[in-house]
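Inside the fold
The chain contents come next:
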Amino acid sequence: MSVLVLLLAVSAACCLGFGFVLQQNAAQKAPLSDFLSFRLLLDLIRMPRWLGGLGLMVAGMVLGALALGKGDISLVEPLLATNLLFALALSRHQTKQPLGRQGWAGLLLLAGGVSTFIMAGEPRGGSAIDDPLRHWLIIGAMVGAALVLTTYGKRSRMSWGPVLLATAAGLLYGVQDALTRVSGTRFSEGGFAELFTGWQPYGVLACGATGLLLVQSAFETAPLRMSLPALTAAEPLAGILCGVGFLGDRLRTDTGALAWEAAGLAAVVAGIVLLGLHPAMPCGTAEAEPPARDLQRR
């Protein structure tokens, strides 16, 4: 593993984790009438804390894009999933909650799962698969799944809705990471002329803007511990699927390696869930709502 790729990916995870916490702190104060509306973003840009969180998230995405440009998506995505560790660190500082057994168990599972997957799979790059149908089938499946999740999330916004919306956003962010990798390749081959004659950079913007709206709507209506685990788990899984599916990333496929890769990913998801449900994660609207807003909802 390149030390530069490791530093870029972990730095990106740090910015993303801190940014998510600051965004949720602000989003929980937005009007519920803005749920899944772009008016929500217009309300949020007036809040300095949210703008700070957005700036950190953008910095994380830029660092992640640099990591994807120098490393394989199947390697970078598990490292980006460690953003939850940094989110928990900031939340713990805000709430003064100790890690306890749950926190340490989640930390070990997440870190151990990432290490196991990378060592067992030995992700390495290859030639991208030049088959537009395959590209569209995989991307279409991810976007279609996100659309279904969003539809059901809109119907149950105060129960399972935030989890479904965060999962949908994670799928879109995974596709965004894959398209970022393709866009970087096009730029390195032909500069801006080659980059903007393809549809991929516009797909990056569309996935980013839609994912941002879904995430903020999830942050607005529920505690961070409900939405962030789903977001953090869905993004690397979607990114790895795209990487292996059409970007040419290769993993070891012998029986033993596949078993350890599956175990590593399962440990990552379990660690994400444990950390996301930790009491240190800040409460949202559903758990700590100001009386005035409660009356407004009624």
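What counts, and where the lines are drawn
- Residues numbered from 1 in each chain as written.
- Predicted model: local features only at pLDDT ≥ 70, side-chain atom pairs only at ≥ 80, totals over all residues.
- Heavy atoms only, no water.
- Helix = DSSP H or I, 4+ residues; strand = E, 2+ residues; numbered from the N terminus.
- Rg over C-alpha atoms; globule rule 2.2 N^0.38 Å.
- Buried < 20%, exposed > 50% of the residue type's maximum accessible area, 1.4 Å probe, protein only.
- Contact = heavy atoms within 4.5 Å.
- Areas by Shrake-Rupley, 256 points an atom, 1.4 Å probe, with all protein chains shown as cover.
- Lys, Arg positive; Asp, Glu negative; His and termini not counted.
- Charge placed at Lys NZ, Arg CZ, Asp CG, Glu CD.
- Disulfide = S-S within 2.5 Å.
- 1 Å grid on protein atoms, 1.4 Å probe; cavity = no way out; pocket = protein on both sides within 12 Å on 5 of 7 lines; lining within 4 Å.
- Points joined across faces, edges and corners; volume = space filled by probe spheres on them.
- Nonpolar A, V, L, I, M, F, W, Y, C, P; charged D, E, K, R; others polar.
- Core = buried A, V, L, I, M, F, W, Y, C linked by side-chain atoms within 4.5 Å.
- Patch = residues over 30% accessible without salt bridge, like charges linked within 9 Å, V, L, I, M, F, W, Y side chains within 5 Å.
- Salt bridge = Lys/Arg side-chain N within 4 Å of Asp/Glu carboxyl O.
- Axes fitted to C-alpha atoms, helices over the stretch in contact; angles between N-to-C directions.
- Parallel < 35°, antiparallel > 145°, perpendicular 65-115°, else oblique.
- Left-handed = near helix turned anticlockwise from the far one by under 90°.
- pLDDT = per-residue confidence, 0-100.

Counting secondary structure elements, the chain contains 12 helices and 0 strands. Taken from the N to the C terminus, the helices and strands of the chain come in the order α-α-α-α-α-α-α-α-α-α-α-α. Against the compact-globule benchmark of 19 Å for 298 residues, the chain has a radius of gyration of 19 Å, which places it among compact chains. Principal-axis analysis of the C-alpha atoms gives the chain an extent of 60 × 45 × 30 Å. Put simply, the chain has 298 residues, and 53% of those count as buried. Considering only contacts in the chain between residues 6 or more positions apart, those separated by 24 or more positions represent 86%. When the accessible surface of the chain is totalled, it reaches about 13,300 Å², and 68% of it is carbon and sulfur. Side chains of the chain give 21 positive and 18 negative charges; the mean places of these two sets differ by 10 Å.

This model, assessed by the stated rule, comprises 0 disulfides. In this structure Cys14 is not part of a disulfide, and its nearest cysteine sulfur, from Cys15, lies 5.5 Å away. Looking at Cys14, the relative accessible area reads 22%, which means it is partly exposed. The thiol of Cys207 is unpaired, and the distance to the nearest cysteine sulfur, on Cys242, comes to 9.2 Å.

It is a probe the size of a water molecule, rolled over the atoms, that shows where empty space is left. Enumeration according to the criterion identifies 1 cavity of 30 Å³ or more in this entry. Taken as a whole, the largest cavity holds about 60 Å³ of empty space. Where the lining of the largest cavity is concerned, the elements lending two or more residues are helix H10 (224–246) and helix H11 (255–276). In the lining of the largest cavity, the residues fall into 9 nonpolar, no polar and no charged.

For the rest of this paragraph, the subject is the nonpolar core. Counting residues in each nonpolar core, the largest one holds 79 residues, and the members touching the most others are Leu228 and Leu231. Sort the elements by how many residues they give to this core and helix H8 (residues 161–196) lands first, with 12 residues. Every residue in contact with Leu228, bar those within four places of it in the chain, is listed here: Phe20, Asn83, Leu84, Ala87 and Met281.

A cluster of nonpolar side chains, Phe187, Phe192, Phe196, Tyr202 and Leu205, forms an exposed patch at the surface whose accessible area comes to about 570 Å². Mapped by element, the contributors of at least two residues to the nonpolar patch are H8 and helix H9 (200–221). Among the elements that line the nonpolar patch, the one with the most residues is H8, at 3 residues. By the element assignment, Phe187 lies in helix H8.

Time to look at the packing of helix H4 (residues 73–80) against H8. For the pair H4 and H8, the least separation of the axes is 11 Å and the interaxial angle reads 140°. Classified by the angle between their axes, H4 and H8 sit oblique to one another. When the axes of H4 and H8 are compared, the crossing they make is right-handed. Taking contact as the criterion, the partners of Ile73, Glu77 and Leu80 in H4 are, on H8, Gly174, Asp177, Ala178 and Arg181.

Right, let's talk about the pattern of salt bridges for a bit. Overall, the coordinates contain 6 salt bridges when judged by the stated rule. The partner of Asp43 in a salt bridge is Arg46, with the nearest N and O atoms 3.7 Å apart. A salt bridge links Asp254 to Arg252, with the nearest nitrogen and oxygen atoms 3.3 Å apart. Classification of Arg252 as partly exposed rests on a relative accessible area of 29%. It is possible to trace a salt-bridge network through shared partners that takes in Asp72, Arg181 and Asp249.

One can find Leu66 in helix H3 (residues 48–70). In this structure the C-alpha to C-alpha distance between Leu66 and Pro162, which are 96 residues apart in sequence, comes to 30 Å.

So, about the layout of surface pockets. Of the voids in this model, the largest pocket is the one considered here, and its volume is about 540 Å³. The wall of the largest pocket is formed by 24 residues, among which Met61, Val62, Ala65, Thr180 and Val204 lie closest to the centre. The element contributing the most residues to the lining of the largest pocket is H3, with 10 residues. Of the residues that constitute the lining of the largest pocket, the class distribution is 13 nonpolar, 7 polar and 4 charged. The space that makes up the second largest pocket amounts to roughly 440 Å³.

All right, on to the confidence of the model for the chain then. Summarising the model, the chain shows a mean pLDDT of 85, and 93% of its residues fall at 70 or more. Note that residues 285–298 has pLDDT below 50 and, in this model, 23 contacts with residues that lie over four places away or in other chains.

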